[in-house]
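# Working through the structure, step by step
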Amino acid sequence: MSEVSRREFIGNGAKLAAGVSLAPGIMLVAPAQAREAGVAASSAQRWGMLIDTTKCASGCDDCVTACKGENAWGENEHNSRAEQKVQWIRKVDLTNKATGSEHSLPMMCQHCEKPPCVDVCPTGASMKRADGIVLVDKHICIGCRYCMMACPYKARSFVHEALTGQNEVAPRGKGTVEACTMCVHKIDAGENTTACAQACKHGAIIVGDLNDANSDIAQAVAKYATTQIRADLNLNTGVRYRGI
């Protein structure tokens, strides 16, 4: 990229507040713009998710299907290489070799308090909002994929293909990294839930403010023993699991 075109690219990022046209009908707008004008995310909140693996059925992928539909990933992409498939959320089946117990659970970005992806990002594209939601700013992501290597959950994907059929609430772009956004557009709109939680017919997913003692998620975390995946890394994840 020439120096002139590089400056133009960076300059275009400054137009974010007004919205930048990505394709007919699609505006590339940072997810935070969905919040009420002038109201920033607050550190008084910590958005999180509790997944009850005792209710999560093996073979059920309603959460994955709902995420695809809400954020328009996967269905319109035809990359034949399995290792290059986009995955914002995936189902994982676990077996405890010592006890033989089996668990099925969804795996996605864990929205860490201390996200390794943010630490290694050279441009600041990987970022954590004050309310704990981890996102990628597509305007300044250069596709280096350092964040993908740093993530212990393999929760990030790289967009290898030109895209069609995007949803305005989840703008995407070839050559950038992406992951679960905890349906930030729903959070900012005041719905306070995610597509995966809404779709789970088993009631295995609770979404809410971990800092609010009166919230369903905070009360459930206080009542039941919960686990963080790779708790040994001390990342203080926003996604917790029950039953494993």
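Cut-offs and rules
Residues numbered from 1 in each chain as written. Predicted model: local features only at pLDDT ≥ 70, side-chain atom pairs only at ≥ 80, totals over all residues. Heavy atoms only, no water. Helix = DSSP H or I, 4+ residues; strand = E, 2+ residues; numbered from the N terminus. Buried < 20%, exposed > 50% of the residue type's maximum accessible area, 1.4 Å probe, protein only. Polar contact = N/O pair within 3.5 Å; in protein donor to acceptor, adjacent residues only side chain to side chain. Pairing = 2+ DSSP bridges. Patch = residues over 30% accessible without salt bridge, like charges linked within 9 Å, V, L, I, M, F, W, Y side chains within 5 Å. Areas by Shrake-Rupley, 256 points an atom, 1.4 Å probe, with all protein chains shown as cover. Salt bridge = Lys/Arg side-chain N within 4 Å of Asp/Glu carboxyl O. pLDDT = per-residue confidence, 0-100. Contact = heavy atoms within 4.5 Å. Phe/Tyr/Trp six-rings, centres within 6.5 Å; stacked < 30°, edge-to-face > 60°. Lys NZ or Arg CZ within 6 Å of the ring centre and 35° of its normal. Axes fitted to C-alpha atoms, helices over the stretch in contact; angles between N-to-C directions. Disulfide = S-S within 2.5 Å.

Our next topic: unusual backbone geometry. Here Cys183, not a glycine, exhibits a phi torsion of approximately 45°, which is positive. Mapped onto the elements, Cys183 comes out in the loop between β9 (177–178) and α5 (184–188). Given the relative accessible area of 7%, Cys183 is considered buried. At Asn236, a position not held by glycine, the phi torsion is positive, near 50°. Locating Asn236 in the fold gives a position in the loop between β11 (226–227) and β12 (239–242).

Okay, the side chain of Ser104 next. Its place among the elements puts Ser104 in strand β5 (residues 102–108). The exposure class assigned to Ser104 is buried, which follows from its relative accessible area of 3%. A distance of 3.2 Å separates polar atoms of two side chains, one belonging to Ser104 and the other to Lys91. There is a polar contact of 2.9 Å between the side chain of Ser104 and the side chain of Asp93.

Pairing analysis gives four bridges linking strand β3 (residues 47–52) to β12, with the strands arranged parallel. Each residue of the ladder has a partner; that of Leu50, found in β12, is Arg240. In terms of strand pairing, β11 meets β12 through two bridges, oriented antiparallel. Within the sheet, the bridge partner assigned to Thr226 lies in β12 and is Arg242.

Once that is clear, we can look at the pairing of strand β4 (residues 89–95). Here seven bridges tie β4 to β5, and the two strands are oriented antiparallel to one another. Following the sheet pairing, Val92 is matched in β5 by Leu105. The antiparallel hairpin formed by β4 and β5 contains six residues in its connecting segment, where Gly100 sits at a positive phi of about 80°.

In this section: a nonpolar patch on the surface. Side chains of Val120, Tyr146 and Met149 sit close together on the surface and give an oily, nonpolar patch of about 310 Å² of accessible area. Take Tyr146: it is sitting in helix α4 (residues 146–150). The exposure class assigned to Tyr146 is partly exposed, which follows from its relative accessible area of 43%.

The subject of this paragraph is the confidence of the model for the chain. Here the chain shows a mean pLDDT of 85. Residues at 70 or above account for 81%. Here residues 2–34 scores under 50 on pLDDT; set against residues more than four positions off or in separate chains, the count is 39 contacts.

What follows deals with the environment of Ser58. Position of Ser58 among the secondary structure elements: in the loop between β3 and α2 (62–71). For Ser58 and Ser104, which are 46 residues apart along the polypeptide, the C-alpha to C-alpha distance reads 5.2 Å. Within the structure, the side chain of Ser58 is placed 3.5 Å from the side chain of Asp93, a separation counted as a polar contact.

Overall, the coordinates contain zero aromatic pairs when judged by the stated rule. The positively charged end of Arg145 is found above the aromatic ring belonging to Phe158, 3.9 Å away from the centroid. Geometry around Tyr224 places Arg242 over its ring, the cationic atom sitting 3.6 Å from the centre.

Looking now at the sheet that holds β3. Two orientations exist for strands paired in a sheet by backbone hydrogen bonds: parallel and antiparallel. Strand order in the open sheet formed by four strands is β10-β3-β12-β11, with mixed pairing between adjacent strands. Every other strand in the sheet has two partners, leaving β10 (205–209) and β11 as the edge strands with one partner each. Contacting β3, β10, β11 and β12, helix α7 (residues 216–223) runs over the sheet at an angle of about 110° to β10.

One pass over the structure, following the stated rule, counts zero disulfides. Cysteine Cys67 remains unbridged, with the sulfur of Cys183 as its closest cysteine sulfur at 6.2 Å.

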